[in-house]
Amino acid sequence: MASAPNHNGPEPNDPKHLDRLLSGWPYEFGEVVARLAAGADGREVVQLRIDLGMLQMEVSGRPDGWRPEGFETYYDFLLSAAFEDGESFTLGSEHCLEIDREFVQFYHRRIGWLALREFRRAVLDADHTLALMDFSSAHAPDPEWADLHEQYRPFVLFHRTQAAALAEIDDLDPESAVEAIDAGMLRVQQALSEQEVCEDEFEEDDLIQKLLELKRTLADHYELETPLKQQLDDAIAHEQYELAAKIRDRMANRQPHRKM
């Protein structure tokens with residue numbers, strides 16, 4: 001006699017389960033594993049494998065696809081609301097909750113882009129996070145809430161610097177990659193100097209040393225000469241004005257590299 005169907009749980013062929021998807025894409029502990037896939041309508045989505053399953057995110061706008069009040073992101077909505085309200089604008093508890101959600105979503109997509117070597121997309125998402133951080137800190141209901149986000153500014157800048165430099169390498173422009181690292185290190189150092197960094201948080205030595213190592217690796221691999229700006233500063237410091245003039249000419253004649 002056939003056994004009666006089990007009504008205490010899902011059917012074995014229930015299309016809602018993710019068994020086949022997850023078994024075919026194993027989680028790798030300690031690694032960020034991401035991939036691009038096609039949605040049901042053919043649109044491109046980015047997927048991130050995590051230990052308890054997977055995340056699927058849109059490739060533009062908010063990662064969850066929500067358009068708050070018709071705006072592309074919650075940050076865009078806040079800018080509009082602040083412009084309309086003027087000096088009376090304040091961040092309420094609901095605003096703070098949605099800002100926190102957007103920070104987390106853009107973090108997940110940013111690390112996905114980095115894992116996929118989609119470096120310019122990672123730069124864009126880092127810039128969004130930094131702009132949202134600027135806004136939320138400027139309008140924070142209290143300093144403690146702002147500090148919860150500001151403590152991660154050096155780390156976001158670190159990701160942005162890595163991505164900007166590696167994007168230039170992809171474009172076969174190693175000199176611009178070194179310039180991006182130098183500019184990024186200054187921003188990281190400034191952010192760290194404006195806050196007290198706890199021992200168990202992101203240490204300056206760790207972030208800066210990783211960027212310096214990336215810079216050394218690029219300089220050695222591509223046999224790069226000292227950047228023209230540094231050559232110019234050295235020539236002026238040693239009163240080598242004829243050499244300084246030649247360096248200025250080289251700087252003026254350089255082809256401008258693609259802006260992000």
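My aim in this report is to walk through the structure given alongside it, one point at a time.

A few words on unusual backbone geometry. You will see that glutamate 69, though not glycine, has its phi angle at about 55°, which is positive. Looking at where glutamate 69 falls in the secondary structure, it is placed in the loop between β3 (53-58) and α2 (74-85). Positive phi, normally seen in glycine, also occurs at leucine 172, with a value near 60°. With respect to the secondary-structure elements, leucine 172 resides in the loop between α6 (153-170) and α7 (174-193). On the accessibility criterion, leucine 172 (75% relative accessible area) is exposed.

This paragraph deals with the packing of aromatic side chains. Here the distance between the centres and the angle between the planes together describe a pair of aromatic rings. Taken as a whole and judged by the stated rule, the model has six aromatic pairs. Ring geometry for tyrosine 74 versus phenylalanine 77: centroids 5.3 Å apart, planes at 45°, classification tilted. Placement of both tyrosine 74 and phenylalanine 77 in helix α2 is noted, with a separation of three residues, approximately one turn of the helix. According to the relative accessible area criterion, tyrosine 74 is buried, its value standing at 5%. Ring geometry for phenylalanine 155 against phenylalanine 158: centres 6.3 Å apart, planes inclined by 20°, an arrangement best described as stacked. A residue pair is termed a helical-turn pair when its members lie 3 or 4 positions apart in one helix, as phenylalanine 155 and phenylalanine 158 do in helix α6 at three residues. For the residue pair phenylalanine 155 and phenylalanine 158, the accessibility class agrees, reading buried in each case. Clustering of aromatic rings is evident, with ring pairs tying together Trp66, Phe71, Tyr74 and Phe77. The ring of tryptophan 25 is capped by arginine 35, whose NZ or CZ atom sits 3.8 Å from the centre of that ring. Taking the ring centre of phenylalanine 106 as reference, the NZ or CZ of arginine 109 above it sits at 4.9 Å.

Attention shifts here to α7. For α7, built from 20 residues, the straight-helix expectation of 28 Å at 1.5 Å per residue is met to within 8% by its first-to-last C-alpha distance of 29 Å. Among the residues of α7, those classed as buried are Pro174, Ser176, Ala177, Val178, Ala180, Ile181, Gly184, Met185, Val188, Ala191 and Leu192.

Conventions adopted
Residues numbered from 1 in each chain as written. Predicted model: local features only at pLDDT ≥ 70, side-chain atom pairs only at ≥ 80, totals over all residues. Heavy atoms only, no water. Helix = DSSP H or I, 4+ residues; strand = E, 2+ residues; numbered from the N terminus. Buried < 20%, exposed > 50% of the residue type's maximum accessible area, 1.4 Å probe, protein only. Phe/Tyr/Trp six-rings, centres within 6.5 Å; stacked < 30°, edge-to-face > 60°. Lys NZ or Arg CZ within 6 Å of the ring centre and 35° of its normal. Expected span 1.5 Å × (residues − 1).

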